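Inside the fold
Below, each chain spelled out in residue letters.
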Amino acid sequence: MKTLEELCFNNTFSQLTDHEFYSKVDTTPLNNQHLISFNANAAALIGLDIHEQSRDDFCDIISGKTPLHNFFTLAMCYAGHQFGQFVPRLGDGRAILLGQLEHDNKKWDLQLKGAGPTPYSRGSDGRAVLRSTIREYLCSEAMHGLGIASSRALCMLGSDEEVYREQIESGAMLVRMAPSHIRFGTFEYFYYTNQHRALQELADYLITEHYPALCDIENPYLALLSQCIDNTALLIAQWQAVGFSHGVMNTDNMSIHGLTLDYGPFGFLDAFKPDYICNHSDYQGRYAFKNQPEMGLFNLSCLAQALLPLICNDSDKAAELARAELAKYQSLHLEYYHQLINSKLGLGKVLADDIVLQKELLNLLQQNQTDYTIFFRALSNNDDKLADMFIPRENFDRWFASYQQRLRLENTTAADRKSCMLKTNPKYILRNYLLETAIERANNEKNYADIENLLQVMSSPFDEHPEFEHFAGLPPEWASQIQLSCSS
Ligand code: AMP
Ligand code: MG
């Protein structure tokens, strides 16, 4: 395990030749920064010795106040479709890439979020508040714990710096990690500014660094699109299966690697409500829970548009090829989704009638406002109180009888099935009320115990954590009053 100095940073993104890819910028430290939480699981991914967190200069180094000599701090440029409208120039307004590392044959970008203004800050302060930093820190690890691709969180710093939002809050920073932070919107920037040579350089960079197998394919750019469609279809199916709503699925928040990126006003379903809108500023419900698959396709279409000049010189042919790839999205997504729901039910391969069985169950959950996570966990445990979650219970009994009939077609024992279902249906999910409580204690009392506890529990959400049983219960009444907006 390495010290900070021993980490071999080598910023390959900074070596791109086109000067519009990024702006070199220094981080701006916060007043009186201190370490709030350090995530040993993420440290292991980069081979960082966990004892490094105890160094007096840990915060100064990781925040770029006294940067390592091999950091190359930069803010990336991108554009994006925000709520359907194209915004030609966004970029990292408050996140700064510290450097890149390779460990165990995996590449990691280390990015400091809340690092101060950059040339892309558009008049904003470049800061992140403690509230939103806690949310991203915990949710990225919760997603990973659920087996869903996500940016990861190495550590979180707090400070005494006042940051102005609807009220005065304290500034914080998050060190997050991802193979890269390239977004759909990064490609859109170069497409819409007609910089097709840079567009190609970006695509070549991504392929060489992250998808070398695509180099040998006849049309690597089409293959890149195809890969991205597949990754995104899976990602959104996984979100739907665990009841996750991202909240701001703009193309600038969509990772080219198909991982969950940029946690803002996200939410996990409590009661099963397909219309659930977690973002209070999303007046039209564009990113409502049930719309996510369709919004995934919209975003992929934006990406495909941006890749057209690379796919073929003949623009009609390029469009035809891209359309053919996009046409695969819906069935790919549904295939992943139905398979995931079958797994939640302890069923193997999806048979013709399974989709009806799934739909009937989801309708029942919706009609009864049944808690999505608690129901599937109880089903895994074959809880004899299952039917009590439904009124009238006969409707559930009828569904359960057809489910039992379907189970007879499986070649599994009840014990094996239970063990699989318990590994598929989490006991713990990061409900917004749990976050709100942890945030309140952190803000008001500088008490970070809940953050550590939630980090531990949500990192292994399928396991029992008897001392944290209270994290697995139904949300309290006040949870329905929580309002989250883009402000962070
Ligand atoms: P988001 O909605 O958080 O994905 O942000 C959209 C864009 O606004 C991104 O380019 C962010 O970098 C930028 N941004 C958000 N908040 C701030 C802030 N406080 N200061 C500077 N830029 C910001
Ligand atoms: Mg963003």
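Note that the coordinates shown come from a computational prediction; the quantities given were computed from them, not determined experimentally.

1. Considerations on the overall build of the protein chain
A tally of helices and strands in the protein chain yields 15 helices and 13 strands. A globule of 488 residues ought to have a C-alpha radius of gyration of about 23 Å, and the protein chain, at 23 Å, matches this closely. A burial count over the protein chain gives 58% of its 488 residues as buried. Counting every atom, the protein chain has about 20,600 Å² of accessible surface; 50% of that belongs to carbon and sulfur. Computed over 40 positive and 61 negative side-chain charges, the inter-centroid distance for the protein chain is 4 Å.

2. Topic: the packing of aromatic side chains
Each aromatic ring pair is specified by the distance between its two centres and by the angle formed by the two planes. One pass over the structure, following the stated rule, counts 29 aromatic pairs. Geometrically, the ring pair formed by Tyr189 and Phe190 is edge-to-face, given 5.0 Å between the ring centres and 85° between the ring planes. Judged by its relative accessible area of 6%, Tyr189 is buried. Taken together, the ring pairs in this structure connect Phe272, Phe289, Tyr372, Phe375, Phe376, Phe390, Phe396, Trp399, Phe400 and Tyr403 into an aromatic cluster. The lysine or arginine in question, Lys344, covers the ring of Phe376, its NZ or CZ lying 4.5 Å from the ring centre.

3. A closer look at the packing of helix α7 (residues 292–311) against helix α8 (residues 315–326)
Across the interface, α7 lies against α8 with an axial gap of 9 Å and an inter-helix angle of 150°. Taken together, α7 and α8 sit at an angle that is classed as roughly antiparallel. Viewed along their axes, α7 and α8 form a crossing whose handedness is right-handed. Facing Leu297, Leu300, Ser301, Ala304, Leu308 and Ile311 of α7, the residues of α8 in contact are Ala318, Ala319, Leu321, Ala322 and Leu326. Residues belonging to the contact of α7 with α8 are distributed by class as follows: 10 nonpolar, one polar and no charged.

4. Quick word on helix α9 (residues 329–344)
Under the 1.5 Å per step criterion, the end-to-end length of α9 is 22 Å for 16 residues, consistent within 8% with the ideal 22 Å. Buried residues of α9: Tyr329, His333, Tyr337, His338, Ile341, Asn342 and Lys344, and no others. In the stretch just after α9, Gly346 is the one whose phi turns positive, near 80°.

5. As for the site of ligand 1
Taken together, 17 residues lie near ligand 1, and Gly91, Gly93, Asp125, Gly126 and Asn253 sit nearest. Between Asp125 and ligand 1, the recorded distance is 2.9 Å, taken from a side-chain N or O atom to a nitrogen atom. Asn253 has a polar side-chain atom sitting 2.9 Å from an oxygen atom of ligand 1. Coverage of ligand 1 by the protein amounts to 82% of the 480 Å² it exposes when considered alone. Within the shell around ligand 1, the residues separate by chemical class into two nonpolar, seven polar and eight charged.

6. A look at the pattern of salt bridges
Here the structure, examined in full by the defined rule, presents 23 salt bridges. Taking the shortest distance from any N to any O, the salt bridge between Arg55 and Glu5 comes out at 2.8 Å. Highlighted residues: Arg55 in the loop between α1 (40–45) and α2 (58–62) and Glu5 in the segment before β1 (22–24), separated in sequence by 50 residues. Under the relative-accessibility criterion, Arg55 is labelled partly exposed at 21%. Using a relative accessible area of 44% as the deciding quantity, one classes Glu5 as partly exposed. Linking Glu209 and Lys107 is a salt bridge whose minimum nitrogen-to-oxygen distance equals 3.4 Å. A residue pair is termed long-range when its members are at least 10 positions apart, and Glu209 in helix α5 (residues 196–210) and Lys107 in strand β7 (residues 106–113) qualify at 102 residues.

7. Let's talk about the domain arrangement of the protein chain
Domain assignment breaks the protein chain into domain 1 (12–181) and domain 2 (347–422). The C-alpha-based centres of domain 1 and domain 2 are spaced at 42 Å.

8. Here's the deal with the coordination of the magnesium ion (ligand 2)
Coordination of the magnesium ion (ligand 2) by the protein involves Asn253 (OD1) and Asp262 (OD), with metal-donor separations of 2.1 to 2.2 Å. Each member of the pair, Asn253 as well as Asp262, is classed as buried.

9. Some remarks on the pairing of β7
With respect to burial, β7 is a largely interior element, six of its eight residues being buried. With antiparallel pairing between neighbouring strands as the criterion, strand β6 (residues 95–103) and β7 make up a hairpin whose turn holds two residues, including Asp104 at a positive phi of roughly 50°. Summarising the sheet, β7 and strand β11 (residues 168–178) pair through five bridges and their orientation is antiparallel. Note on β11: the bridge partner recorded for Leu110 is Met177.

10. Remarks on unusual backbone geometry
Going from Ile391 to Pro392, the amide bond is cis rather than trans, its omega being -10°. By secondary structure assignment, the location of Pro392 is in the loop between α11 (372–380) and α12 (393–407). Backbone geometry at Arg122 places phi at a positive 50°, although glycine is not the residue there. Even without being glycine, Gln369 reaches a positive phi, approximately 50°. Tracing the backbone shows Gln369 in the loop between α10 (354–368) and α11.

Reading guide: rules and limits
- Residues numbered from 1 in each chain as written.
- Chains lettered and ligands numbered in written order.
- Predicted model: local features only at pLDDT ≥ 70, side-chain atom pairs only at ≥ 80, totals over all residues.
- Heavy atoms only, no water.
- Helix = DSSP H or I, 4+ residues; strand = E, 2+ residues; numbered from the N terminus.
- Rg over C-alpha atoms; globule rule 2.2 N^0.38 Å.
- Buried < 20%, exposed > 50% of the residue type's maximum accessible area, 1.4 Å probe, protein only.
- Areas by Shrake-Rupley, 256 points an atom, 1.4 Å probe, with all protein chains shown as cover.
- Lys, Arg positive; Asp, Glu negative; His and termini not counted.
- Charge placed at Lys NZ, Arg CZ, Asp CG, Glu CD.
- Phe/Tyr/Trp six-rings, centres within 6.5 Å; stacked < 30°, edge-to-face > 60°.
- Lys NZ or Arg CZ within 6 Å of the ring centre and 35° of its normal.
- Axes fitted to C-alpha atoms, helices over the stretch in contact; angles between N-to-C directions.
- Parallel < 35°, antiparallel > 145°, perpendicular 65-115°, else oblique.
- Left-handed = near helix turned anticlockwise from the far one by under 90°.
- Contact = heavy atoms within 4.5 Å.
- Nonpolar A, V, L, I, M, F, W, Y, C, P; charged D, E, K, R; others polar.
- Expected span 1.5 Å × (residues − 1).
- Near = heavy atom within 4 Å.
- Polar contact = N/O pair within 3.5 Å; in protein donor to acceptor, adjacent residues only side chain to side chain.
- Salt bridge = Lys/Arg side-chain N within 4 Å of Asp/Glu carboxyl O.
- Domains from an automatic or database assignment.
- Donors = N, O, S within 2.8 Å, 3.2 Å for Na, K, Ca; no water.
- Pairing = 2+ DSSP bridges.

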